[in-house]
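# Reading the structure
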Amino acid sequence: MATSEIPAVRRRDGVAVIDLTGDVNRGAEESLDAAWARATRDRPDAVVLNFEGAGYINSTGIALIVGLLARARATGLDIRAYGLSPHYREIFEITRLADFLAINPDEESAVRGAEGNTNA
Amino acid sequence: MTGLIRTFRRGLRRASAEERRGPATPPPAAGDEAAPIDIAPNDPLLALLQSASGAVDIEALELDSPALVELKAAGVKLAVPLVSQGELIGVLNLGPRLSEQEYSSDDRKLLDNLAAQAAPALRIGQLVREQQAEAATRQRFEQELEVAKLIQQNFLPKQLPELNGWQVAAYYRPAREVGGDFYDVIPLPEGKVGFVIGDVTDKGVPAALVMAATRSVLRASAQRLVEPGEVLERVNEHLCPDMPEKMFVTCLYGVLDPESGHFRFANAGHDLPYVKTAEGSEELRARGMPLGLMPGMRYEESETVLQPGESLLLHSDGVVEAHDPNGDMFGFPRLKQAVADYPGGGELIDRVLVDVQAHLGPGAEQEDDITMVTLQRSPGAAHMRNGAVPDALLAEFDVESAEGNERVAIARVTDAVASLNISDDRLERLKTAVGEATMNAMEHGSQYRADRPVSIRVLAGGGNVRIQITDLGGAPPEREREIPDLEAKLAGLQRPRGWGLLLIENMVDEMRETSAAGRHTLELALRLEGDDDGDE
């Protein structure tokens, strides 16, 4: 499980991008929390979760993302995702995560979508 | 004083028997000890002697009595009845006095006294002899039973086969008088297994010997011939010439293919087997005459496919013909219903035995041998209803219950199914389902204990792949399952976790849970080619 590393957090056009790496499971909890804290410290317009480098995501990983989503909603923060494989995209649909965070095909559209939302 | 003593058994049963054999008593030579003289039960002399108060003067008697004629011819002058406890147990017969004088009243008194003393002593002697004879008869009978039991038990299987995906159970309990029940399990080529149940008419050693002969011929024929009907034909041909009169053998012989669940059988007049199905129970029929009655018989064959979870019961008539105190039989309908109502396998046997004992009544002795054999197919994927395609076991392994080890399970299952050419999309689904199911088993079933590994079996057949994931947690506690709801989770009304089962259900085509004997199994089934292939 290469999940203990804290995912990189980038700023792009006022949006925080979290580059997830490795497995998203119970072992990723602390590093994901740390990344979230870093991403939201400067009050970004939105947070984008980049799943391009993520590996195996299990139900515990889904629960972690639910936790992030709950925190984002509590502070009125928009949260988006991109880079999901068709398989995990289906899982996001089954769990209805897809109803609460926009799933974009790439980083560009994810960042833009976030910008668009802020402007509206 | 010459004399002869004739004793006869209480109730005169022997006298009656000897009467049928006819007189065989030559007149005695003077001075010799004479042969005994029988008195028939309906002879008036018997009544006279029974009621006489002392010695009876034979010469002076006038009776229409064959025994009296014999006594007179034998030169008997005086008959002294020997009476014990009011019952005539013998007669002391005296010839003429050596002095050729008549018996005096003193002689008669002396004889009466002698008779009074001798009768009880004679009675004791008789009783001792009767008891000795009875004991000897009983001992011979017990020895014979013991021999019959030894023969029977020696020819019953010492152990039952362990068949992958099957539970085989058998029960045999002889009645006190050891009937002719038997069963056998015969390993056959190509992994098939022959099952035999039979019943020889008669009891004891003769039945046991015929049973042993039948078993041997059947075993030999089963190796040479494939079709169960042909096997019974051959056995019948062998048995007919040497079968003792009025004896025959009912016998059912079936061949199970454990891979496919096919059971093909022929029946020589034996009680018909029952199959437990999801809908209830069915009687399987095949006709044929019992073995050993007449040569040239043909045996109808019948076959069924035992589906996963179904079981078959072979039984002997000791079950259905068990009588209650009113003489009512246990009966076929009740046994058929028991097969429908009860679980299969060994538990079915146990519960039928309880019912039969309850039917017999408390303390009642079993009348006939009771034999039952069950073949139960392990619950498997219900979608393989035709059962025609055998399942191949692709992998079987244990995973230590430790956090993160679901990845081990996923990797090994992925390897195991590599040859099946599952599309990437479906493989991803399978991997997620296996991962979630293994996590649940390790966490909830095995509490992440190293000594409670999770066992995984990968099977393929019928266009499906099936993964059986078993933990040692037994049946999970009955509680209402919480359907995960994202909105409720986001609102803090549900815990964030609890997605596992929802994911599994959505990833595979079928999910089944079974619990037995402290083990809990989740079986996942995925069609190798889905309707949704290419849409994903």
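Residues numbered from 1 in each chain as written. Chains lettered and ligands numbered in written order. Predicted model: local features only at pLDDT ≥ 70, side-chain atom pairs only at ≥ 80, totals over all residues.

### With respect to the overall build of chain A
Tallying secondary structure elements over chain A gives five helices and five strands in all. In chain A, the order of α-helices and β-strands from amino to carboxyl end is β-β-α-β-α-β-α-α-β-α. Burial status across chain A gives 45% buried among its 120 residues. Taking the contacts inside chain A whose residues are at least 6 apart along the sequence as the reference set, 71% of them involve residues at least 24 apart. (Helix = DSSP H or I, 4+ residues; strand = E, 2+ residues; numbered from the N terminus. Buried ≥ 20, exposed ≤ 12 C-beta atoms within 10 Å, placed from the backbone. Contact = placed C-beta atoms within 7 Å.)

### A closer look at the overall build of chain B
From N to C terminus, chain B includes 13 helices and 19 strands. The proportion of buried residues among the 536 residues of chain B is 39%. Taking the intrachain contacts of chain B between residues at least 6 apart in sequence as the baseline, contacts between residues at least 24 apart amount to 68%.

### Details of the sheet that holds strand 4 (residues 78-82) of chain A
All names here are of chain A. Taken in spatial order, the five strands line up as 1-2-3-4-5 in an open sheet, and their pairing is mixed. If you trace the sheet from one side to the other, it starts and ends with strand 1 (8-12) and strand 5 (102-104), each paired once. Each neighbouring strand pair of the sheet contributes to a mean axis angle of 25°, computed without reference to strand direction. In this sheet, strand 3 (residues 46-57) lies alongside strand 2 (residues 15-24) in parallel orientation, the contact comprising eight bridges. When the bridges of strand 3 are listed, Gly-22 appears paired with Ala-54. (Pairing = 2+ DSSP bridges. Axes fitted to C-alpha atoms, helices over the stretch in contact; angles between N-to-C directions.)

### Considering the sheet that holds strand 6 (residues 180-187) of chain B
All names here are of chain B. Strand order across the open sheet formed by five strands is 6-7-8-9-12, with antiparallel pairing between neighbours. Looking at which strands have only one partner, the edges of the open sheet turn out to be strand 6 and strand 12 (301-305). Sheet twist, expressed as the mean angle between neighbouring strand axes with direction ignored, is 15°.

### A closer look at the packing of helix 5 (residues 204-224) of chain B against helix 6 (residues 228-239) of chain B
For any two helices packed against each other, one specifies the inter-axial angle together with the distance between the axes. Residue and element names in this part refer to chain B. Remark: helix 5 packs on helix 6, axes separated minimally by 9 Å, with the N-to-C direction vectors making an angle of 135°. On the basis of the axis angle, helix 5 is oblique to helix 6. Between helix 5 and helix 6 lies a crossing of right-handed hand. Contact residues: Ala-213, Thr-214, Val-217, Leu-218, Ser-221 and Ala-222 in helix 5; Val-231, Arg-234, Val-235, His-238 and Leu-239 in helix 6. Grouping the constituent residues of the contact of helix 5 with helix 6 by class yields seven nonpolar, three polar and one charged. (Parallel < 35°, antiparallel > 145°, perpendicular 65-115°, else oblique. Left-handed = near helix turned anticlockwise from the far one by under 90°. Nonpolar A, V, L, I, M, F, W, Y, C, P; charged D, E, K, R; others polar.)

### Quick notes on the nonpolar core
Generally speaking, a soluble globular protein has its nonpolar side chains buried in company with each other. Within the largest apolar cluster, 72 residues are counted, with the highest numbers of intra-cluster contacts made by A:Val47, A:Val48, B:Val413, B:Val434, B:Val458 and B:Leu524. Apart from the residues lying within four places of it in its own chain, the contact partners of B:Val434 are B:Ala409, B:Ile410, B:Val413, B:Ile467 and B:Leu524. In terms of nonpolar packing, the next biggest core, distinct from the first, is built from 58 residues, B:Leu218, B:Ala222, B:Met243 and B:Phe263 among them. (Core = buried A, V, L, I, M, F, W, Y, C linked by C-beta atoms within 7 Å.)

### Describing unusual backbone geometry
Excluding glycine, a negative phi dihedral is what most residues carry, and trans is how most peptide bonds are arranged. Here the phi dihedral of A:Asp13 falls at roughly 50°; this positive angle occurs in a residue that is not glycine. For A:Asp13, the position within the fold is in the loop between strand 1 and strand 2. Among the residues examined, A:Asp13 registers 13 C-beta atoms within 10 Å and is labelled partly exposed. Notably, B:Gln85 is not glycine yet its phi reads approximately 50°, a positive angle. Residue placement: B:Gln85 occurs in the loop between strand 3 (78-84) and strand 4 (87-94).

### With respect to the interface of chain A and chain B
Facing 22 residues of chain A, the contacting portion of chain B comprises 19 residues. Looking at the side of chain A that touches chain B, the elements with two or more residues in it are helix 2 (59-74), helix 3 (86-94) and helix 4 (97-100) of chain A. In terms of residue count, the dominant contributor to the side of chain A that touches chain B is helix 2 of chain A (nine residues). The class makeup of the residues in the side of chain A that touches chain B is 12 nonpolar, seven polar and three charged.

### Concerning the pairing of strand 1 of chain A
Residues and elements named next belong to chain A. Across five bridges, the pairing between strand 1 and strand 2 is antiparallel. By the bridge assignment, Arg-11 is partnered in strand 2 with Ala-16. Hairpin remark: strand 1 followed by strand 2, antiparallel, with two residues in the connecting loop; positive phi at Asp-13, about 50°.

### Remarks on the confidence of the model for chain A
Overall, the prediction assigns chain A a mean pLDDT of 87, with 91% of residues at 70 or greater. Here residues 114-120 of chain A scores under 50 on pLDDT; set against residues more than four positions off or in separate chains, the count is 12 contacts. (pLDDT = per-residue confidence, 0-100.)

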